[in-house]
Each structure stands twice: as C-alpha cells, then as structure tokens.
Amino acid sequence: MDLLGTVYVIEAFEKVAVRGTSLVCVASLAGHMASIDGEDEAALATAPAEELLGLKAVTALGDDPTAAYILAKRANHVQVQAAALARNRLGARINTISPGVIATAMAKAEADSDTDGHMLGMLDACGAGRPGTPGEIADAVAFLTGPEARYITGSDLLVDGGQAAWIRRHMRRPG
C-alpha cells in the first residue's frame, strides 16, 4: 500500500482539486535514501496504479521489505512532483512530508525490537536526541496546507530532526 496508496490519493484529489485546495501525502525520510536511476524514477513518477507493481524497479526488489519501503517512499516523492504542475494549474497544491522517527506505537515497536540500539543511537548521533512527535508532524502539515505555504507545491518537507542529513554525511561512504 505504500506504493499504490499515494497514486490512488492523487487520483482522488484530481477529482476535487480547485483553487485553494492542498494535499499533503505522507512519505518518509527513507525515500531520501533511495538510489534509483532516472529512467526508473520517471516510470515510478508517471505510471498508472495498475502498472506500478510490474515496473522493473519494483520487480527487481524481490522479497526485500526494507528496499521495497525505501522505493515506495521515493516513488511517493516523485509521484507528487509529477502531479504538481497539473494541480497547480487548477490553483491547487500538492506536496509530501517525510517524517523521520516519530514517537508512535509503530516506532516504539521498532525500537523495542532494535536489539543493537541502532535507531535510538542514530537519533542521538544526528543531534535530535529524541524522536519527533505526532504534533510536530501535524504542525508541518498545517503549514503546508495553510496560506503561508501557498507558493510551495511539488515539494517534500523533511521533518526528521536532521536524521537524513546525518545519514548522508556519516553513514554512507563513497563506494
């Protein structure tokens, strides 16, 4: 559903989008960690829902749930980017938000199963020292849907306490 859900929401939004409406789709900081070539990314951005699961980038993943999640969240970013121009011409806006680790029941379950403490260690290392809160995500969505953001469309807002920046600079090594 991470891959197809956003396409379905974008399609539904198209039917109700009018001047002043705004849609925010939830992606993830994981989408910023994807390494996808331009051709595959373009296909993910524009393929209709019924073709997405058959794309080369998707079928090449095999049974790797982490890789599938990362790809799906990057697809969310590019699907919204691709949809933004048409919605903008209607006077509507569409963006994504990419939360990092947020204090939810799902994050608690992940932290509890993280026997080596990687997730919480990453939060400490990136400087945040804590997970985000659902309220902080709600505030970011309120900003993106409000009048202060009326010139923002086709964008992704990272709300991750600096996790993506830390991962890019400290975890990934040039190969």
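The shown structure was predicted, so the numbers you read here are calculated from the model rather than taken from an experiment.

*Asks:* How should the environment of T115 be read in this particular structure?
*Replies:* Within the secondary structure, T115 is located in the loop between α6 (105-113) and α7 (118-125). Along the sequence, T115 and D156 sit 41 residues apart, while their C-alpha atoms lie 32 Å from each other.

*Asks:* Can you walk me through the sheet that holds strand β1 (residues 22-26) in this structure?
*Replies:* Backbone hydrogen bonds hold the strands of a sheet together, and the pairing may be parallel or antiparallel. As summarised here, the arrangement of the three strands in space is β1-β2-β3, forming an open sheet in which the pairing is parallel. In the strand order of this sheet, the two ends are held by β1 and β3 (156-159), each with one partner. Each strand of the sheet is rotated relative to its neighbour by a mean of 25°, with strand direction disregarded. Here strand β2 (residues 93-99) runs beside β3; their pairing, made up of four bridges, is parallel.

*Asks:* Would you take a moment to explain helix α2 (residues 38-46) for this structure?
*Replies:* Each α-helix winds once per 3.6 residues, and so residues spaced three or four apart point in a common direction. Residues of α2 that are buried: D40, L44 and A45. Angular distribution of buried residues about the axis of α2 spans 140°; they occupy a single face of the element. Facing away from the buried side of α2 by more than 90 degrees, the exposed set consists of G38, E39 and T46. Contact partners of the buried residues in α2: α3 (49-52), α4 (56-59) and α5 (65-89). Sitting at the amino-terminal end of α2 is D37, which places a side-chain oxygen 3.1 Å from the backbone nitrogen of E39.

About the thresholds
- Residues numbered from 1 in each chain as written.
- Predicted model: local features only at pLDDT ≥ 70, side-chain atom pairs only at ≥ 80, totals over all residues.
- Heavy atoms only, no water.
- Helix = DSSP H or I, 4+ residues; strand = E, 2+ residues; numbered from the N terminus.
- Pairing = 2+ DSSP bridges.
- Axes fitted to C-alpha atoms, helices over the stretch in contact; angles between N-to-C directions.
- Buried < 20%, exposed > 50% of the residue type's maximum accessible area, 1.4 Å probe, protein only.
- Arc of directions from axis to C-beta.
- Contact = heavy atoms within 4.5 Å.
- Polar contact = N/O pair within 3.5 Å; in protein donor to acceptor, adjacent residues only side chain to side chain.

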